[in-house]
Amino acid sequence: MKKTNHILIVCSVFCITAMMLLSGCGNKSGGTYDEPEITASYLTGEYAEQLLTDGAKTITGSVVLSEDGDSYTASVEQKKIVANSDYDEGYYVADTNLNTKLPFDEDVRLVVSDNGELKVSNPEEFIEKYNDLPDQLYTVYRMGDYLELIIPIDPADFI
């Protein structure tokens, strides 16, 4: 009987110690996980890569955002960048005649190019300043049926 009680006490102490050690895992600060600073560099790099790792699909095209009450939708006119030495730039942008409408995920992130400098934007600013720029192309990251991230691109970078 003594041996059984001794084994129960040892197992209980081991389990309690393991639970205390394992519950402290992770980068916590004040009871919440530390999120990296949301910068254009982070969104275009590490965040975009993580979305692709998690199964996001990308679409290239021009973007028009629309607001409906407290929700937003992006209309993406899909384009394809085609290398062609007959053009001065070495490429042309072909319209695929496909238009995709994507509702925003609650954590959608937007990056815009403001005078050549990438910066984080919000939907209101995007609509006011950057909506429907005919020459601006974006890479749009979608997860399922929802838009997750919009990043401006320069077609010359793809050639």
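Please refer to the structure placed before this passage.
Heads up: these notes are all about the structure in this document. Remember, predicted model here, so these are calculated numbers, not experimental data.

**Some words on the nonpolar core**
The biggest cluster of nonpolar side chains holds 17 residues, and the ones touching the most others in it are Val63, Leu65, Phe104, Phe126, Val140, Leu147 and Ile150. Among the secondary structure elements, those contributing two or more residues to this core are strand 3 (57-68), strand 4 (71-83), strand 5 (91-114), helix 3 (123-130), strand 7 (137-143) and strand 8 (146-153). A total of five residues in this core trace back to one element, the largest contributor, which is strand 5. Excluding anything up to four places from it in sequence, Phe126 contacts Val63, Leu65, Leu110, Val112, Ser121, Asn131 and Tyr138.

**Overview of the pattern of salt bridges**
For the structure on display, the rule yields five salt bridges. Between Glu77 and Lys79 there is a salt bridge, with the nearest N and O atoms lying 3.7 Å from each other. Given the relative accessible area of 31%, Glu77 is considered partly exposed. Note that Lys119 and Glu125 form a salt bridge whose closest N and O atoms lie 3.0 Å from each other.

**Structural notes on the pairing of strand 5**
One face of the sheet, then the other: side chains in a regular strand alternate in exactly this way. Examined bridge by bridge, strand 4 and strand 5 share ten bridges and lie antiparallel to one another. Counterpart to Val82 in the pairing with strand 5 is Tyr92. Bridge count between strand 5 and strand 8: three bridges; the pairing is parallel. Across the sheet, Arg109 pairs through a bridge with Leu149, a residue of strand 8. Two elements, strand 5 and strand 6 (residues 117-121), share five bridges in a ladder whose sense is antiparallel. Bridged to Leu110 within strand 6 is Ser121.

**Concerning the side chain of Glu148**
Along the polypeptide, Glu148 turns up in strand 8. An unpaired buried charge is present at Glu148: no salt bridge exists, and Arg109, the closest side chain of opposite charge, is 7.8 Å distant. Not counting residues within four places of it along the chain, the set of residues in contact with Glu148 comprises Tyr47, Leu51, Asp105, Asp107, Val108, Arg109, Tyr141, Arg142 and Met143.

**Some words on helix 2 (residues 40-53)**
With 14 residues, helix 2 extends 19 Å from end C-alpha to end C-alpha; this agrees with the ideal 20 Å at 1.5 Å per step. Along its length, helix 2 shows its largest kink, about 35 degrees, at Tyr47. Restricting attention to buried positions, one finds in helix 2 the residues Ala40, Tyr42, Leu43, Tyr47, Ala48 and Leu51. Where the residues of helix 2 are buried, they touch strand 5, strand 6, strand 7 and strand 8. Positive phi appears at Gly55, one or two residues downstream of helix 2, with a value of about 105 degrees.

Procedures and definitions
Residues numbered from 1 in each chain as written. Predicted model: local features only at pLDDT ≥ 70, side-chain atom pairs only at ≥ 80, totals over all residues. Heavy atoms only, no water. Core = buried A, V, L, I, M, F, W, Y, C linked by side-chain atoms within 4.5 Å. Buried < 20%, exposed > 50% of the residue type's maximum accessible area, 1.4 Å probe, protein only. Helix = DSSP H or I, 4+ residues; strand = E, 2+ residues; numbered from the N terminus. Contact = heavy atoms within 4.5 Å. Salt bridge = Lys/Arg side-chain N within 4 Å of Asp/Glu carboxyl O. Pairing = 2+ DSSP bridges. Lys, Arg positive; Asp, Glu negative; His and termini not counted. Expected span 1.5 Å × (residues − 1). Bend = angle between axes of the 7 residues up to and from the residue.

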